[in-house]
Amino acid sequence: MATDNMEIDDSLYSRQRYVLGDNAMYQMAQSYVFLSGIGGLGVEIAKNIILAGIKALTIHDTKPCQTLDLGSNFFLHENDVASQRNRAKATILQLAELNPYVQVNSSNIVLDENTDLSFLQQYQCVILTETGLSLQKRINDFCRSQQPPIKFISADVYGVFSRVFCDFGDHFEVSDPSGEEPKEIFIQNITQSNPGIVTCMDNHNHGLETGQFVTFREVSGMTELNESVQQITVLSLYSFSIGDTTSLGPYLHGGIAVQLKMPKTFTFESMETQLLNPRCFVVDFSKPEAPLQIHTAMLALDRFQEQHKHLPNIGCLQDAEELMKLALTVNETLKNRTAVNQDIVKWLSRTARGCLAPLTAAFGGIISQEALKALTGKFSPLQQWLYFDATEIFQTLESTNSDQFQPRGDRYDALRACVGESICQKLSNLNVFMVGCGAIGCEMLKNFAVLGIGTGSEQGMITITDPDLIEKSNLNRQFLFRPQHIQKPKSYTAASATLMINPQMKIDSHLNKVCPSTENIYSDNFYTQVDVVVTALDNVEARRYVDSRCVSNQRPLLDSGTMGTKGHTEVIVPNLTESYNSHRDPPEEEIPFCTLKSFPALIEHTIQWSRDKFESCFSYKPSMYNKFWDTYKSTDNVLQRMEKGESLEGSFQAIKLLSRWPTDWHQCVSLARVKFEKYFHHKAVQLLHSFPLDTKLKDGSLFWQSPKRPPSPIQFNIDDELHYNFILSAARLFAVIYRVPYTEQDLCKENISQLLSEVKIPKFTPSAKQIETDETVKKSDQAKLAVSSEEERVAIDLLNQARRTGLATKNHLHMVAVSFEKDNDSNGHIDFITAASNIRARMYNIDTADRLKTKRIAGRIIPAIATATAAVSGLVALELIKLAGDPPLEAYRNCFFNLAIPVMVFTEPAAVKKMQIRNDISFTIWDRWTIYGTEDFTLLNFIDAVKETYNVEPTMVVHGVKMLYVPVMPGHVKRLKLTMQKLVKPTLDKKYVDLTVSFAAESDGDEDLPGPPVRYYFRPEEK
């Protein structure tokens, strides 16, 4: 099928389109993939690439379902085990349900040294799991021999160890190595030198790297640079050098450097070659030798299997010794080698029969992303081996007795072989509170299910909460949901789907937000009954709030998040680590108000302006209108009060809206046409009147120079598609807020053109109004509704006129306030913003943006893809297992990854910092002091109690944002005699309050020192 004829289902794939782009989506939709081995790792890979939207997937497996498989393959059930169904056939229906656009086929042909491999020629990518090394090499050679080569990936998880190998042929071209948006840099200066040095405007970080390419536009003076391509060398954060500019004209002003995306070719070697001289990807720099050491151990494991036709037996010393001998022998054959690590070989032998489900989840995400790279040439591929181990888990074990790891004939045998029975029991008894049931939440629940969390007979519970309903765009990543679940609660639906994976689980589902207003539900008492909190949230403020509750109640927190192919995980442990709030990213840079209003320079500026216009016209003004008439009830009442000289807040704006009330579709179209003229013609005329093109600043430089762009007034043209779309979408929205009916016939271009021909545009004369140019000035508060005397007079006249013309009816005293909804293509919201933004962009000679990009920016959509979601959830589940065993700090790992580049970095969490108050008194964020009072306990009693208990006297006491005691504040000394009850004013059910205290510094003149929170109990019986 030609890509030109294919249409992407944006309602399903919108978040993923922003990650991959349409070209990659088209290529995937024509690609065929063969996947062998539908164990825990295989089913994760299948899930992710089906969700991504390839053309067809063949899942191949020759094994029957076993009880062991239930601990990692979440689509298998006990009846599949009882009937000994083939694993591919048992999972195919559930996999096919994930995406109606993907054909899923199954195969159980025998794959061995004698199999004719020509059937693989129909596939663009072959992925092998649970396949012997000799067969992997044979299939790899076959794939390399094809023209073009079939992309080859092999991967395995053995116990707590995993490996991935990629071979995409001798020459693999990547169209976009990073997936990042090309950077646009405003230029301050370009030197006439060799090399020419480019300086960024206002010391803005260019974000470029040496060796990248840029092109230039809108450079004045040194015009020869415009449209040229230059390779750059970074000199500083704010400057870079290009080629020789000595022969070019002198730079005058302006200009934009635009980063160019350049294709890159990657070379791969065959598996046969790479086995002896592996290129390994290091992910944990605390153990840089580990990849080669695991490579050696796994090659020895492959030889062991070839010789014995089975994996080493759990706890068998003889098998472990033989594996060690094989490892030493294998190591001698390698060109790139390091010393054999005996512990790695020992633990590989001990756990190889097991399967750690979090590893299959994490590496299922990573491998799936490599498969998508293979199919699309989008993003930089892995070269060529990735090894990973979770041996830190063994620091959590109370006993390494082999009996702990032996199978017991249940679904947790694969887990038990890795972590032992005692950890399995602890996991089953965990009480987990998970906030959010979106993409990460769905993946986490699946991980909880295969780990048996919350399945204890007497203990163990998973509490989940999410107020959202399921939307179609969720189905691309939130794999527990199906089309029939749309508009149903996420938490209830996710719980039901999770119980299908593991019916032994206990899940309590809520529909609440976790925020200050729900602290009566998620109280301190609630948190004390929780063993660990897991966040699956998509915004920073919610994370910060949950983190503060965890710190306050001494609960561990596992946080994670994704944006496109990037992901992070963070483990927060009481008294060991810093918390989420211990570090803060710099705030996002706001667009100056004057830039939005009058001087846009980028398409982002015009899109934000359009979104603001949407909110003002169709949401804010109707809400303000309704509030006014709800307050004053009738036009008679308002008129009488205003005629008596009473000033009514918001009257001018509300009466003006009433006087312009459209009574039919024709008038809605007229309103839209008048808005067009105001936004895109009058605004430009006024600006050029206030600042003619030759306007100069005090220093003699031109006012209109980069980044300021002079506008050009737009002349309305019905035949211009953007102009027509603006009128149509604006008129429809006016009809909605004013409750004006219209028909499909009314929307046709011929009818609208006829109506527009009858619209009279008021003449516009520019004024001497002051236009703000100061970028530090903030937007004035829209809620400022004070009315001037002139506006009052005009409002009275307009209201009298409305009454005479019959507009001032009760039916006209209520408007419909529209809430912006980005994912409903039929409502015209994105149509309005796209048209308005692009017309304004033309007005300022800015490159326009398509509807998809406009929707992302206006809707503040976070790009998302299932591969990254699966990876972070697996890594979080790994840390959850460690938490169950309560290991030392060095056992935990935080992670940051970007699957596109690819980069993956594991680090130990930052140890909690101690803050010193006095030489002998210190505290951490996890500390809390406690004071018990009585009903007549005064503020002075409280201060004395702190001094007596903790040997330091508070100099300031604060409750939330209220300062209870600051000695320098007028009247505060008198408060010392007041009771704490009177000062704090607790509700009847309030047992305690958390206070912030400060202490005098030891040196005079230094600032007061903050202390830990002090929990003050109002009555001693609360102990």
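Preceding block: the structure.
Every chain begins its residue count from 1, and numbering advances along the sequence as written. Totals for whole chains, interfaces and linings use every residue, but because this is a predicted model, local features are given only for residues with pLDDT of at least 70 and side-chain atom pairs only at 80 or more, for both listing and counting. Neither water nor hydrogens contribute to the side-chain values; these are computed over all heavy atoms in the structure.

A. Region of the structure containing the overall build of the protein chain. Assigned secondary structure in the protein chain consists of 30 helices and 33 strands. Reported as C-alpha extents along the three principal axes, the dimensions of the protein chain are approximately 100 × 80 × 65 Å. Buried residues are those whose accessible area, probed at 1.4 Å on protein chains only, stays under 20% of the maximum for their type, while exposed residues exceed 50% and partly exposed ones sit between those limits. Taking all 1023 residues of the protein chain together, 55% fall into the buried category. Note on areas: these come from Shrake-Rupley sampling with a 1.4 Å probe, and a residue is covered only by the protein chains present in the view. For the protein chain, the exposed area adds up to about 44600 Å²; of that, 49% sits on carbon and sulfur atoms. We count Lys and Arg on the positive side and Asp and Glu on the negative side, and we leave His and both chain ends out. A charge is said to be at NZ when it belongs to Lys, at CZ for Arg, at CG for Asp and at CD for Glu. Distance between charge centres in the protein chain, computed from 104 positive and 121 negative side chains, equals 5 Å. Note on conventions: DSSP H or I runs of at least 4 residues are helices, E runs of at least 2 residues are strands, and numbering of each starts at the N terminus.

B. View of the pairing of strand β18 (residues 431-435). Counted residue by residue, β18 has four buried out of five residues, so it is predominantly covered. For two strands to count as paired, DSSP must find a minimum of two bridges between them. The pairing of β18 with strand β19 (residues 461-465) spans five bridges and is parallel. Each bridged residue has a counterpart across the sheet, and for asparagine 431 the counterpart in β19 is methionine 461. Here, the term right-handed applies to a crossover whose path from the first strand over the helix to the second runs clockwise when the strands point away from the viewer. Chirality of the crossover, the property in question, places the unit of β18, helix α14 (residues 439-451) and β19 among those that are right-handed.

C. Here's a closer look at helix α27 (residues 851-858). Of the residues making up α27, those classed as buried are Leu852, Thr854, Lys855, Ile857 and Ala858. Immediately downstream of α27, the backbone of arginine 860 shows phi near 50 degrees, a positive value.

D. Fine view of the sheet that holds strand β25 (residues 903-907). With mixed pairing, eight strands are arranged side by side in an open sheet as β20-β19-β18-β21-β22-β23-β24-β25. Strand pairing shows two members of the sheet lacking a second neighbour, β20 (507-510) and β25, which therefore form its edges. Strand-to-strand twist in this sheet, taken as the mean axis angle between neighbours without regard to direction, amounts to 10 degrees. Relative to β20, β19 runs parallel, the two being bridged by four bridges. Of the residues in β20, the one forming a bridge with isoleucine 462 is isoleucine 507. To obtain an axis, a line is fitted to C-alpha atoms, over the contacting stretch when the element is a helix, and the angle between two such axes runs from 0 to 180 degrees between their N-to-C directions.

E. The arrangement of a negative patch on the surface in detail. Patch building starts from residues that exceed 30% relative accessible area and form no salt bridge, then joins like charges within 9 Å and nonpolar side chains (Val, Leu, Ile, Met, Phe, Trp, Tyr) within 5 Å. A pair is scored as a salt bridge if a Lys or Arg side-chain nitrogen falls within 4 Å of a carboxyl oxygen belonging to Asp or Glu. Among the surface-exposed residues, Asp202, Glu772, Asp774 and Glu775 lie close enough to one another that they form a single negatively charged patch. You can see glutamate 775 is positioned in the loop between α24 (749-757) and α25 (789-804).

F. A look at the packing of aromatic side chains. Each pair of aromatic rings taken from Phe, Tyr and Trp, with Trp reduced to its six-membered ring, is defined by centres within 6.5 Å and is described as stacked if the planes are under 30 degrees apart, edge-to-face if over 60, and tilted in the remaining cases. Scanning the entire structure with this criterion turns up 54 aromatic pairs. Taking 6.1 Å as the distance between ring centres and 80 degrees as the angle between the ring planes, the aromatic pair formed by phenylalanine 433 and tyrosine 527 counts as edge-to-face. Of this pair, phenylalanine 433 sits in strand β18 while tyrosine 527 sits in helix α16 (residues 524-528), and the two are 94 residues apart along the sequence. Given a relative accessible area of 0%, tyrosine 527 falls into the buried group. As a reminder, the over-ring test applies to NZ of lysine and CZ of arginine, requiring each to be within 6 Å of the ring centre and within 35 degrees of the ring normal. Lying across the ring of phenylalanine 479, lysine 47 places its NZ or CZ 5.1 Å from the centre. Cation over ring: arginine 840 sits above tryptophan 609, and NZ or CZ is 4.3 Å from the ring centre.

G. Region of interest: the sheet that holds strand β12 (residues 233-236). Taken in spatial order, the seven strands make up an open sheet running β11-β10-β14-β8-β9-β13-β12, and their pairing is antiparallel. The sheet terminates laterally at β11 (229-231) and β12, the two strands that pair on one side only. Strand-to-strand twist across the sheet, computed as the mean angle between neighbouring axes with direction ignored, equals 40 degrees. Summarising the sheet, strand β8 (residues 184-190) and strand β9 (residues 197-200) pair through three bridges and their orientation is antiparallel. Across the sheet, asparagine 189 pairs through a bridge with threonine 199, a residue of β9.

H. Focus on the pattern of salt bridges. Scanning the entire structure with this criterion turns up 55 salt bridges. Put simply, arginine 17 and aspartate 22 hold a salt bridge, and the shortest N to O gap is 2.8 Å. Accessibility expressed as a relative area gives 13% for arginine 17, which makes it buried. Arginine 793 is the partner of aspartate 797 in a salt bridge, and the nearest nitrogen-oxygen pair spans 3.3 Å.

I. Spatial organisation of a positive patch on the surface. Together, Lys597, Arg660, Lys678, Lys769 and Lys779 line one region of the surface with positive charge. Counting through the fold element by element, arginine 660 comes out in the loop between α21 (651-659) and α22 (665-690). Owing to a relative accessible area of 49%, arginine 660 belongs among the partly exposed residues under this scheme.

Keep in mind that these numbers describe shape and distance, not what the molecule does.
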